[in-house]
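This is what each chain is made of:
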Amino acid sequence: MATIKEVAKLAQVSTATVSNVITGKKYVSPELAIRINNAIKELNYSPSKIAQSLKVRSTNYIGLVVPDITNPYFAEVVRGVESVAIDQDYQIFLVNTDGSRKREEDAVSSLLEYHVAGLITVVPRLREDRFREILSIPTVIIDNLMEMSEPNFGFVYTNSRKVSAEVARHLMGGGYKRFACIAGPSDNVYAIESRVSGFVEEILEAGFDEKDVQVVYGKKYSMAAGYEKMKEILDGSEKPVAVFCCSDIMALGAMEACKEARCKIPEEVAIVGYDNVYFASLLDPPLSTVNQKKYDVGQIAITMLLEQIGQKTGKKEKPPKKIALDAELIVRKSS
């Protein structure tokens with residue numbers, strides 16, 4: 001690929017003059033402009049938008065960090081973000097962290113080096129103090145509510161505690177006396193804590209004892225983790241038992257463990273998931289689950305971020321915007 005230096009050499013001008021012709025920011029005589037344009041055509045030169053952006057420390061790129069792009073929930077959020085970003089002439093730098101805090105921090109650092117205009121991070125594992133240390137650009141955090149007052153931060157999250165309590169009431173209404181919750185990594189992330197606490201507290205308030213509710217944490221939100229933890233529950237709890245999985249991916253693994261153990265769903269084990277991803281209604285039996293507004297979450301987050309990016313300097317600083325969305329329980333034949 002030809003470089004701007006090669007264009008300048010062929011046209012017998014400086015690289016600054018070539019840049020002025022490309023950007024149109026400064027006057028260049030018609031004679032030189034023709035010579036430079038002829039050189040560009042001859043060499044088939046294409047200016048690097050990223051390189052131009054880095055020089056002025058401003059880009060039309062948005063950093064988007066997700067834990068696992070193979071999870072249909074995160075894929076739908078990404079689609080929502082892209083639908084608005086592309087319409088507003090912004091491009092997405094998508095980074096997958098595989099749920100690793102180290103990879104997440106490295107990803108954020110790399111995006112900052114590319115001078116992204118803003119950042120969206122979904123269920124981040126980084127702590128509040130670390131966010132404050134490394135992020136000075138407009139940032140929207142999805143599904144991890146933090147106590148931050150910095151105006152460049154915004155939050156979009158689901159009222160998980162409320163709907164998880166509804167899941168508990170639904171399962172108790174089915175006559176089950178033993179309960180379990182399969183959650184993702186336990187590291188004080190709002191999306192995880194609120195689902196677990198909403199479910200467990202509702203059961204305890206109904207008069208059940210703590211020994212009646214088992215909570216297990218997987219290393220990832222994955223099918224393998226759901227399968228492994230469901231086997232633990234089947235080995236250690238009398239049936240029938242009602243299980244709330246904090247993601248549909250984990251619920252899929254849990255159902256496979258039940259089928260392998262020849263446990264009838266929902267007669268011996270009731271299972272409820274969370275997210276309502278596309279395959280939930282196609283499982284056998286169809287999976288009861290919590291429907292999140294996945295696509296809408298992405299659209300709301302990018303709209304909020306673009307508003308932050310577009311705010312003029314000197315404007316009175318406002319506290320971070322926080323948008324809470326409701327979710328609904330969808331009852332199918334697994335519970």
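Up top is the structure.
Residues numbered from 1 in each chain as written. Predicted model: local features only at pLDDT ≥ 70, side-chain atom pairs only at ≥ 80, totals over all residues. Heavy atoms only, no water.

A. Up close: the overall build of the protein chain. A tally of helices and strands in the protein chain yields 12 helices and 12 strands. Taking 20 Å as the expected radius of gyration for a compact globule of 335 residues, we find that the protein chain reaches 26 Å, considerably beyond that expectation. Projected onto the principal axes, the alpha-carbon positions of the protein chain cover approximately 85 × 45 × 30 Å. Residues classed as buried in the protein chain amount to 50% of the 335 residues present. If you take every contact in the protein chain between residues at least 6 apart in sequence, the share linking residues at least 24 apart comes to 71%. Side-chain charges of the protein chain comprise 42 positive and 44 negative groups, with the mean position of each set lying 6 Å from the other. (Helix = DSSP H or I, 4+ residues; strand = E, 2+ residues; numbered from the N terminus. Rg over C-alpha atoms; globule rule 2.2 N^0.38 Å. Buried < 20%, exposed > 50% of the residue type's maximum accessible area, 1.4 Å probe, protein only. Contact = heavy atoms within 4.5 Å. Lys, Arg positive; Asp, Glu negative; His and termini not counted. Charge placed at Lys NZ, Arg CZ, Asp CG, Glu CD.)

B. Quick look at the nonpolar core. Among the nonpolar cores identified, the biggest contains 80 residues, and F199, M230 and I271 are the most heavily contacted of them. In contact with I271, other than residues within four places in its own chain, are V243, C245, A251, A254, M255, C258, I265, L287, S288, S334 and S335. Ranked by size, the runner-up nonpolar core spans 16 residues in total, among them Y61, V108, L126 and F155. (Core = buried A, V, L, I, M, F, W, Y, C linked by side-chain atoms within 4.5 Å.)

C. Region of interest: the sheet that holds strand β11 (residues 322-325). One open sheet accounts for six strands, arranged β2-β1-β3-β4-β5-β11; its pairing is parallel. Looking along the sheet, the strands with just one partner apiece sit at the ends: β2 (91-96) and β11. Each strand axis lies, on average, 15° off the axis of its neighbour in the sheet, ignoring direction. Sheet topology places strand β4 (residues 139-142) next to strand β5 (residues 153-158); four bridges connect them, and they run parallel. For I141, the partnering residue across the bridge sits in β5 and is F155. Across the face of the sheet, helix α6 (residues 101-113) comes into contact with β1 (61-66), β2 and β3 (118-122) while running at roughly 155° to β2. (Pairing = 2+ DSSP bridges. Axes fitted to C-alpha atoms, helices over the stretch in contact; angles between N-to-C directions.)

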